[in-house]
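# Chain and residue survey
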Amino acid sequence: MLQLLAGLALAAAPAPAPCAGQAQCMQASAAQLFALADQLYSQGDKAGAAQLLEALTHDIHPELRAEARFRLAAVREAMGDLDGAVTALRELLAEQPNANRARLELARILGKMGRGSEAEAELGRAEKLGLPPEVEQNARRLSATLATPKRRGLTLELTTGPDSNMNRSTGSAFIDTIIAPFELDADARRQAGEGYSGSVRAYSRDRLGKISILSQAAVRADLYSKGRFNDVQASVDSGPQFTAGKLSARPAVVYERRWFGNRRYSTGLGGQLDGSLTVSRQTQVSVSASEVRQRISPNPGQDGWRTFVGADLLHAFGSGTLARVSLRYGRLDARDRPESLRQRGGGLLVARQLQPLTVFGEIDYTRTNGVAPIFLFGKTRHDQRWDFTGGVILNRATIGGFSPLMRLTHSDSSANIALFEYRRTRFDFGVTRSF
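To keep things clear, this report deals only with the structure shown in the data block. Please read these numbers as outputs of a predicted model, since none were measured by experiment. (Residues numbered from 1 in each chain as written. Predicted model: local features only at pLDDT ≥ 70, side-chain atom pairs only at ≥ 80, totals over all residues. Heavy atoms only, no water.)

On to the overall build of the protein, then. Summing up its helical and strand segments, the protein has 7 helices and 18 strands in all. Here the protein holds 435 residues, and the buried ones make up 43% of them. Pairs at least 24 residues apart make up 54% of the contacts formed inside the protein by residues separated by at least 6 positions. By element, 59% of the accessible surface of the protein is carried by carbon and sulfur atoms, the whole surface being about 21,600 Å². (Helix = DSSP H or I, 4+ residues; strand = E, 2+ residues; numbered from the N terminus. Buried < 20%, exposed > 50% of the residue type's maximum accessible area, 1.4 Å probe, protein only. Contact = heavy atoms within 4.5 Å. Areas by Shrake-Rupley, 256 points an atom, 1.4 Å probe, with all protein chains shown as cover.)

Take the nonpolar core next. In this structure, Leu 53, Leu 56, Leu 89, Leu 92, Ala 102, Leu 106 and Ile 109 are the most contacted members of the largest nonpolar core, which totals 29 residues. The set of elements that each furnish at least two residues to this core consists of α1 (30-42), α2 (46-56), α3 (62-78), α4 (82-95) and α5 (100-112). Among the elements that line this core, the one with the most residues is α4, at 7 residues. Leu 53 has contacts with Phe 34, Ala 37, Ala 68, Arg 71, Leu 72 and Val 75, leaving out every residue within four places of it along the chain. (Core = buried A, V, L, I, M, F, W, Y, C linked by side-chain atoms within 4.5 Å.)

It is worth spelling out the pairing of strand β8 (residues 231-244) at this point. Side-chain direction in a regular strand flips from residue to residue, so the side chains alternate between the two faces of the sheet. Relative to β8, strand β7 (residues 211-224) runs antiparallel, the two sharing 11 bridges. Bridging across to β8, Ala 218 finds its partner in Ser 235. Bridge count for β8 against strand β9 (residues 247-260) is 11 bridges, and the pairing is antiparallel. Pairing of Val 232 across the sheet is with Trp 259, part of β9. Connecting β8 to the next strand, β9, in antiparallel fashion are 2 residues, including Gly 245 with a positive phi near 65°. (Pairing = 2+ DSSP bridges.)

A few words now on a nonpolar patch on the surface. Residues Leu 247, Leu 277, Val 279, Val 285, Val 287, Leu 313, Val 325, Leu 348, Val 350, Ile 363, Trp 386 and Phe 388 make up a contiguous nonpolar surface patch of about 920 Å² in total accessible area. Those elements that place two or more of their residues in the nonpolar patch are β11 (283-296), β14 (341-353) and β16 (382-394). One can find Leu 247 in strand β9. (Patch = residues over 30% accessible without salt bridge, like charges linked within 9 Å, V, L, I, M, F, W, Y side chains within 5 Å. Salt bridge = Lys/Arg side-chain N within 4 Å of Asp/Glu carboxyl O.)

Looking now at the packing of aromatic side chains. Under the counting rule described, the total for this entry stands at 2 aromatic pairs. Centroid distance Tyr 365 to Trp 386: 4.7 Å. Interplanar angle 50°. Geometry classified as tilted. With Tyr 365 in strand β15 (residues 357-370) and Trp 386 in strand β16, this residue pair connects regions lying 21 residues apart in the sequence. A connected cluster of aromatic rings, assembled from ring pairs, spans Tyr 365, Trp 386 and Phe 388. Between Arg 381 and the ring centre of Phe 420, over which it is positioned, the NZ or CZ distance is 3.9 Å. Looking at Arg 433, its charged tip hangs above the ring of Phe 402, at a distance of 5.7 Å from the centre. (Phe/Tyr/Trp six-rings, centres within 6.5 Å; stacked < 30°, edge-to-face > 60°. Lys NZ or Arg CZ within 6 Å of the ring centre and 35° of its normal.)

The next thing to look at is unusual backbone geometry. Across residues other than glycine, the phi torsion is negative in most instances, and most of the peptide bonds are trans. Not every positive phi belongs to a glycine, and Arg 168 is a case in point at roughly 50°. Inspection of the secondary structure assignment puts Arg 168 in the loop between β3 (152-163) and β4 (174-175). Notably, Asn 262 is not glycine yet its phi reads approximately 65°, a positive angle. With respect to the helices, strands and loops of the structure, Asn 262 is situated in the loop between β9 and β10 (263-278).

On to α4, then. The end-to-end C-alpha distance of α4, which contains 14 residues, comes to 20 Å, matching closely the 20 Å that a straight helix rising 1.5 Å per residue would cover. Against α3 and α5 lie the buried residues of α4. (Expected span 1.5 Å × (residues − 1).)

What follows is the structure in structure tokens.
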């Protein structure tokens with residue numbers, strides 16, 4: 001069997017001619033050793049893969065050591081050595097206590113071993129570290145395989161900051177119509193002000209005989225210095241959750257309400273179907289579809305059925321980076337055909353957990369098309385919007401258990417009808433916490 005030396009990847013200082021005088025000896029980089037370990041594992045040589053990964057845990061670079069220990073834990077678990085897997089993950093967390101992905105894996109394996117109280121403790125520590133709200137639901141789904149998942153959960157976020165366009169409106173004072181140019185009311189034009197936002201997301205798992213019922217509730221309030229632009233949205237959904245191996249599915253009933261300008265704006269009632277497939281320890285695919293009957297109080301012409309279909313691919317790189325790719329399609333079949341819409345979009349989100357903070361960034365694209373001309377403008381609506389988001393969560397600088405959050409968001413909407421063309425920038429500073 002060939003003798004493999006890590007060379008620069010394993011030595012604290014370079015040694016001259018490490019293979020000198022040794023037959024069948026070769027140098028290899030850390031990347032090559034990782035690749036060889038994967039190859040040995042795929043060929044059924046788990047012990048050989050574990051031996052290489054064990055060597056890599058002594059690398060001088062912390063990130064490579066963490067990656068080696070994370071992979072070593074997976075190989076040891078596959079070999080039936082759960083104690084060894086736990087040891088590898090605990091050594092990883094001793095060096096990188098904010099490696100949330102590794103902590104979730106540790107909790108899952110502890111649960112598998114029947115050490116429920118230890119698993120719950122690790123899961124609680126992972127949740128306290130926090131994740132960007134945009135990936136929290138997916139991260140929760142990834143950790144749903146824990147043998148002792150939490151029955152209740154709650155996430156709070158409170159922020160404030162300047163908003164350059166709190167009513168998401170055009171900056172134009174006049175718009176062209178088939179009749180004549182119309183002057184827009186001040187409230188229909190771009191308005192800047194101070195924004196105050198709060199969101200609450202909660203879930204509960206309950207048993208109904210042998211069936212597990214998952215219920216969720218969410219409330220988001222965007223309040224402004226000019227109260228006529230206040231926007232509050234609430235939704236609840238509940239349904240049975242079924243799991244078979246790596247597959248999970250959940251049909252649910254959905255109810256939603258929205259208030260705008262301190263008045264009821266809309267209600268909706270319908271159903272949704274969520275599903276997920278755990279492809280590997282690092283990758284999960286989630287799909288969601290819903291059909292909701294909406295009623296719009298200020299404009300009954302927009303009453304109708306709203307359809308949504310979406311898919312997410314979530315992948316964890318190493319022990320601290322998460323990426324999510326999203327695709328979605330939506331349609332509104334309104335009572336008045338010119339109010340009907342078709343939407344397509346997608347986005348990419350990346351979050352990186354470092355010991356003192358979590359950094360995240362997202363880019364999102366949405367294209368909206370009408371299905372019939374709007375009489376006043378004599379043409380069918382076509383617009384596209386780009387959204388850019390970046391921010392940080394300070395994991396260590398907690399305030400009463402809450403982690404400080406800073407986020408910058410910019411939206412740019414271009415359209416063939418000026419009414420739907422706008423730009424908006426908002427800076428948020430606040431706190432977030434998961435219970």
